[in-house]
Amino acid sequence: MGLKRIKSALLSVYHKDGLDDIVRELASAGVKLYSTGGTLEFIKSLGLEATAVESLTGYPSILGGRVKTLHPGVFGGILARRSVEGDGVQLAEYGIPEIDLVIVDLYPFEATVASGTDEAAIIEKIDIGGISLIRAGAKNHKDVVIVGSQAQYGELLGLLQEQGCATTFEQRRRFAALAFGVSAHYDSAIFNWFNVREELPAFRASYDGGRGLRYGENPHQKGAFFGALDEVFEQLHGKEISYNNLLDIDAAVNLIAEFGDGAGATFAILKHNNACGVGTGATVFQAYERALAGDPVSAFGGVLICNRPIDADVAGKINELFCEVILAPGYDAAALETLRSKKNRIILVLKSIARPTPQFRSLLNGVAVQDRDLKVGGMDGETKTATKRQPTVAEMTDMVFANKIVKQSKSNAIVLAKDGQMLASGVGQTSRVDALRQAIEKAKSFGFTLRGAVLASDAYFPFADCVEIAHGEGIDTIVQPGGSVRDGDSIEYCDAHDMTMIFTGLRHFKH
């Protein structure tokens, strides 16, 4: 289809920034402008003419502004089908003008919720007239252009300037799709706010800001990400972030979140969503060296993350390793210069964010939802010493350290640690014994002695075999959830060999 000229427009928006150029473009083209409340005042402040929507409805804005546009005099002009003769006859009969362009920007419901204000204020930010205008304009996109958000002002302005206040059917259809996206996101936010209290058996999720990825996990799979990555990090350098990069970044962010300011300098290296090295230290340099020592082979091509800024000395050491991604709260100028020497290396500034509590994933023909695992075994009052031998302060510190890591590792998982350093881990195994043996073999292969190390398990030991194997390697301190019907066997073995075992009561499966 060819271009369809815009002869009239209705504007009712919350955010006015960016609207002035649009209004001037419409006015210069002779477009008849209708508007409401604050938007009308804004247009007039630009020295331009606009007609109050009350002239169409015959009613003033009532109920404190709750009702302004909800009237056949407005919606008839938007929904009338220009190709249906009877619609035109009825418009003429009731003196309703056609409206060719509708520009809406809704009350900021999500921002109001985020502000922490009271319920009454939140309820008042549930837009009624605006959402109705969006749906009406989008439904009748064959004849009407609908702009449903401030985010679309720029795109509309470009079309108005390039095409002389005229649009094609394809363009109107695109704006309609965007408008229904705005409507769906808005209603999902409102539902989720209500559903925090009601817990209705329904699931709604909506994310804007979609970005295409080169591909998914593999080149033959399409991939995309929806969300506001700029709220999580700022990219300073490197190639386009891939789907697999995002999975590793997510795992890295979740792991480093376990080590807040009180944990001291902590560095972690991850590969395929699992930590291959984690170290704490008096300095970032020491923490990095201890993390790298945990598995310098797997660290190749990994994702590095630190809870402290990176300086030039640390950057120089990192530069000896090929790594895909590095995340930190900041970098000094010399560190950045060094790290940027590898053109594809992704350098990210990690921001402080509140991670969403609900987690969900697609399963079978639906979605599974759960609360995020926010606890760490060993850090709450439910922890108890199951054996006669009590842990020392140093052992308890290492058990908490190891449990933070095992919590963020793929099950079945075992982590071995000593003095704030992960010595090795066994992850993703179908047998807990296999996970332990894998960890022991890795630790030995990199020259670690296991005497005095602690063992953390993400789930209970169904038999005493893991305890026996650990003792045989000099590991005499164990932290696990407990809960097996055979816990007594493990406790008996520990007591007979002067071992310590802590039960946390918290399982940390991760699949």
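Keep in mind that what you see is a predicted model, and the values were worked out from it rather than measured. (Residues numbered from 1 in each chain as written. Predicted model: local features only at pLDDT ≥ 70, side-chain atom pairs only at ≥ 80, totals over all residues. Heavy atoms only, no water.)

Student: How should the pairing of strand β5 (residues 101–105) be read in this particular structure?
Tutor: If a strand is regular, its side chains alternate between the two faces of the sheet. Along β5, 5 of the 5 residues are buried, which leaves the element largely enclosed by surrounding structure. Covered by surrounding structure in β5 are Leu101, Ile103 and Asp105 together with Val102 and Val104, the residues of both alternating faces. As paired strands, strand β2 (residues 8–13) and β5 are joined by 5 bridges and run parallel to one another. The partner of Val13 across the bridge, within β5, is Asp105. Two strands pair when backbone bridges link them, and β5 and strand β6 (residues 145–147) are joined in this way by 3 bridges, in the parallel orientation. Its bridge partner being in β6, Leu101 is matched across the sheet by Val145. (Buried < 20%, exposed > 50% of the residue type's maximum accessible area, 1.4 Å probe, protein only. Helix = DSSP H or I, 4+ residues; strand = E, 2+ residues; numbered from the N terminus. Pairing = 2+ DSSP bridges.)

Student: Explanation requested: the packing of aromatic side chains in the structure shown.
Tutor: The way to describe two aromatic rings as a pair is by their centre distance and the angle between their planes. Counted by the stated rule, this structure contains 9 aromatic pairs. A centroid spacing of 5.0 Å and a plane angle of 65 degrees characterise the contact between Phe203 and Phe360, whose relative ring orientation is edge-to-face. Highlighted residues: Phe203 in the loop between α10 (169–198) and β8 (211–212) and Phe360 in strand β16 (residues 358–363), separated in sequence by 157 residues. By relative accessible area, which is 33% here, Phe203 ends up partly exposed. Grouping aromatic residues by their ring pairs yields a cluster made of Phe109, Tyr186, Trp193 and Phe194. (Phe/Tyr/Trp six-rings, centres within 6.5 Å; stacked < 30°, edge-to-face > 60°.)

Student: It is not clear to me how the sheet that holds β2 should be interpreted in this structure. Could you clarify?
Tutor: Two modes of strand pairing occur in sheets, parallel and antiparallel, and in both the strands are linked by backbone hydrogen bonds. Reading across the sheet, the 5 strands line up as β4-β3-β2-β5-β6 and stay open at both edges, with parallel pairing between neighbours. The open sheet has two free edges, formed respectively by β4 (51–52) and β6, since each of these has just one partner strand. Strand contacts of helix α1 (residues 19–28): β2, β3 (32–35) and β5, with the helix running at about 165 degrees to β2, the strand carrying the most contacts. (Contact = heavy atoms within 4.5 Å. Axes fitted to C-alpha atoms, helices over the stretch in contact; angles between N-to-C directions.)

Student: Please clarify how the nonpolar core should be interpreted in this entry.
Tutor: Generally speaking, a soluble globular protein has its nonpolar side chains buried in company with each other. Formed by 38 residues in total, the largest nonpolar core has its most connected members in Ile249, Leu255, Val278, Ile305, Leu327, Leu348 and Ile405. Take this core: its biggest share by element is 7 residues, from helix α11 (residues 243–256). When residues no more than four places from it in sequence are discounted, the contact partners of Val278 are Leu255, Phe259, Thr266, Phe267, Ala268, Arg290, Ala291, Phe401, Ile405, Gly420, Gln421 and Met422. By size, the runner-up hydrophobic cluster in this structure holds 28 residues, among which are Leu10, Val53, Phe109 and Ile131. (Core = buried A, V, L, I, M, F, W, Y, C linked by side-chain atoms within 4.5 Å.)

Student: Can you help me understand the packing of helix α9 (residues 153–163) against α10 in this one?
Tutor: Pairs of packed helices are described in terms of their axes, by the angle between the two and the distance that separates them. Close contact between α9 and α10 brings their axes to 12 Å; oriented N to C, the two are set at 170 degrees. One finds that α9 runs roughly antiparallel with respect to α10. Across the interface between the two elements, Glu155, Leu156, Leu159 and Gln163 from α9 touch Gln171, Arg174, Phe175 and Leu178 from α10. Looking at the contact of α9 with α10 residue by residue, the classes come out as 4 nonpolar, 2 polar and 2 charged. (Parallel < 35°, antiparallel > 145°, perpendicular 65-115°, else oblique. Nonpolar A, V, L, I, M, F, W, Y, C, P; charged D, E, K, R; others polar.)

Student: Is there a simple way to explain the pattern of salt bridges in this structure?
Tutor: Under the defined criterion, the tally for this structure stands at 15 salt bridges. In this structure, Asp21 engages Arg24 in a salt bridge whose closest nitrogen and oxygen atoms are separated by 3.8 Å. A residue pair is termed a helical-turn pair when its members lie 3 or 4 positions apart in one helix, as Asp21 and Arg24 do in helix α1 at 3 residues. Between Arg81 and Asp87 there is a salt bridge, with the nearest N and O atoms lying 2.7 Å from each other. A residue is classified by how much of its surface remains accessible, and Arg81, at 45% relative accessible area, is partly exposed. Overall, Asp87 belongs to the buried group, its relative accessible area being 13%. Counted as one network, the salt bridges with shared partners bring together Asp20, Asp21 and Arg24. (Salt bridge = Lys/Arg side-chain N within 4 Å of Asp/Glu carboxyl O.)

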